[in-house]
Amino acid sequence: RIGGLLIEEEGLKGEDVWKSKGGKMGLFDRLKKGDKGDKKAAAPAAAPVAAVPTPEVKAPAVKAPPAPSENSTAEKIAAQKKKVALMDAKEGQLLKRVADETAKAKDALGKGDKTSARSCLNRKKQYENQLEQVRKQRATLEQIVMGLEQVSINKVAVSGLEEGNAALQSEQAGLDIDKVDDVMFELGEQMQKAQEISNAAGQQIMGGFMTDEVELDDDLAAMEEELLQDKIAGASDLPATKAPQAPVAAPAKKTQAKEVD
């Protein structure tokens, strides 16, 4: 045995244990090399380490706030008005209870039951206190409603101002005061040119019919004289009428002159 191994199991002879012939490897060398080879063969190959994927960290999605509805203000106003209506109903109930307790107190007092009358008056006072609180709360709610309505009006007004401003900016984007001055100058030139053309077109053509202004005046005077004669002739054909007599004045009374001494 060598190192706890039997030589026969390796198929070797005893003499090969101590020497080697012809350059052959000895037993110990062969056992040593075989042991290393066995260890290397026995050692399993290291498996390649797979890269562990890094989990992608996603940022939490941030939800955008809901866009304000066009009717959100109107809905809030309607909700507040419902609360005011509830307060009105509560006020009516309390008024009825106050009236009922007053009637009960009078009835009990008429029967001589002062204890019951006192209890009714106590409940009446409590209802009156609640009634005062309800009225104050209703007034506050009404102020809120008026405030919301004013906000709604302001939003409409501001929206109109913004749209109007944007429209003015859009329409005036291509306008320039210098450009307007140039256009007005060119327009004046064109109007002057048009007037000159009109005057030139209105001139009489040489060789055409020429009217004598003196002759026209004579014809006009003759026509006027003719019309005057026609009027006189027409007046002479009318039947003669007596001219109205002038009123005769009454004779003046004679007065005797007094002789003065």
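Predicted, not measured: the structure shown is a model, and the values here were computed from it.

### Section: the overall build of the protein chain
Then comes step 1: Secondary structure assignment for the protein chain yields six helices and zero strands.
Then comes step 2: Once local pairs closer than 6 in sequence are excluded, the contacts in the protein chain between residues at least 24 apart make up 61%.
Then comes step 3: Within the structure as shown, the protein chain displays about 23,700 Å² of accessible surface, and the carbon and sulfur contribution to it stands at 57%.

### Overview of helix 4 (residues 114-171)
Then comes step 1: Taking 1.5 Å per residue as the helical rise, helix 4 with its 58 residues ought to reach 86 Å, and the 85 Å between its terminal C-alpha atoms agrees with that figure.
Then comes step 2: Those residues of helix 4 lying buried are Ala117, Cys120, Lys124, Tyr127, Leu131, Val134, Leu141, Val145 and Leu148.
Then comes step 3: Turning to helix 4, the residues buried within the fold contact helix 3 (72-110).

### Quick notes on the nonpolar core
Then comes step 1: Counting eleven residues, the largest nonpolar core is built from Ile77, Val84, Met87, Leu94, Val98, Tyr127, Leu131, Val134, Leu141, Val145 and Leu148.
Then comes step 2: Sorting the residues of this core by element identifies helix 3 and helix 4 as the ones contributing at least two each.
Then comes step 3: Of all the elements, helix 4 adds the most residues to this core, at six residues.

### Some details on the packing of helix 3 against helix 4
Angle between the axes and distance between the axes: these two values describe a pair of packed helices.
Then comes step 1: One way to put it is that helix 3 packs onto helix 4 with a least axis distance of 8 Å and a crossing angle of 165 degrees. One way to sum up the angle between helix 3 and helix 4 is to call them roughly antiparallel. Both helix 3 and helix 4 take part in a crossing whose hand is left-handed.
Then comes step 2: Here the contact of helix 3 with helix 4 is built from residues that sort into 19 nonpolar, seven polar and 18 charged.

### Considering the pattern of salt bridges
Then comes step 1: A complete count under the given rule lists ten salt bridges for this structure.
Then comes step 2: Here Lys136 ties to Glu132 by a salt bridge, and the two come within 3.7 Å at their closest N and O atoms. On the criterion of helical spacing, the pair formed by Lys136 and Glu132 is a turn pair, its members being four residues apart in helix 4.

### Notes on the confidence of the model for the protein chain
Then comes step 1: Across the protein chain, the average pLDDT comes to 75, with 60% of residues at 70 or higher.
Then comes step 2: Least confident of the elements in the protein chain is helix 1 (residues 7-10), whose mean pLDDT is 48; most confident is helix 4, at 92.
Then comes step 3: Low pLDDT, under 50, characterises residues 6-10; the predicted model gives this stretch seven contacts beyond four residues in sequence or across chains.

### Focus: the side chain of Glu91
Then comes step 1: Of note, Glu91 is situated in helix 3.
Then comes step 2: Dropping the residues within four chain positions of it, Glu91 is found in contact with Leu131, Val134, Arg135 and Arg138.

### Things to note about a negative patch on the surface
Then comes step 1: Judged by side-chain charge, Asp176, Asp178, Asp181, Asp182, Glu186 and Glu189 come together as a negatively charged surface patch.
Then comes step 2: Relative to the helices and strands, Asp178 resides in helix 5 (residues 177-201).

### Structural notes on a nonpolar patch on the surface
Then comes step 1: On the surface, Ile177, Val180, Met184, Leu187 and Met191 cluster together into a nonpolar patch covering about 500 Å² of accessible area.
Then comes step 2: Mapped onto the fold, Leu187 is located in helix 5.

### Section: helix 3
Then comes step 1: In this model helix 3 runs 57 Å from its N-terminal to its C-terminal C-alpha over 39 residues, within 8% of the 57 Å that 1.5 Å per residue would give.
Then comes step 2: Following helix 3 by one or two positions, Gly112 has its phi on the positive side, about 85 degrees.

### Thoughts on the environment of Asn129
Then comes step 1: With respect to the element layout, Asn129 can be found in helix 4.
Then comes step 2: Owing to a relative accessible area of 43%, Asn129 belongs among the partly exposed residues under this scheme.
Then comes step 3: In the structure, Asn129 is positioned 35 residues away from Leu94 in sequence and 9.7 Å away in space, judged by C-alpha atoms.

Cut-offs used in this document
Residues numbered from 1 in each chain as written. Predicted model: local features only at pLDDT ≥ 70, side-chain atom pairs only at ≥ 80, totals over all residues. Heavy atoms only, no water. Helix = DSSP H or I, 4+ residues; strand = E, 2+ residues; numbered from the N terminus. Contact = heavy atoms within 4.5 Å. Areas by Shrake-Rupley, 256 points an atom, 1.4 Å probe, with all protein chains shown as cover. Expected span 1.5 Å × (residues − 1). Buried < 20%, exposed > 50% of the residue type's maximum accessible area, 1.4 Å probe, protein only. Core = buried A, V, L, I, M, F, W, Y, C linked by side-chain atoms within 4.5 Å. Axes fitted to C-alpha atoms, helices over the stretch in contact; angles between N-to-C directions. Parallel < 35°, antiparallel > 145°, perpendicular 65-115°, else oblique. Left-handed = near helix turned anticlockwise from the far one by under 90°. Nonpolar A, V, L, I, M, F, W, Y, C, P; charged D, E, K, R; others polar. Salt bridge = Lys/Arg side-chain N within 4 Å of Asp/Glu carboxyl O. pLDDT = per-residue confidence, 0-100. Patch = residues over 30% accessible without salt bridge, like charges linked within 9 Å, V, L, I, M, F, W, Y side chains within 5 Å. Lys, Arg positive; Asp, Glu negative; His and termini not counted. Charge placed at Lys NZ, Arg CZ, Asp CG, Glu CD.

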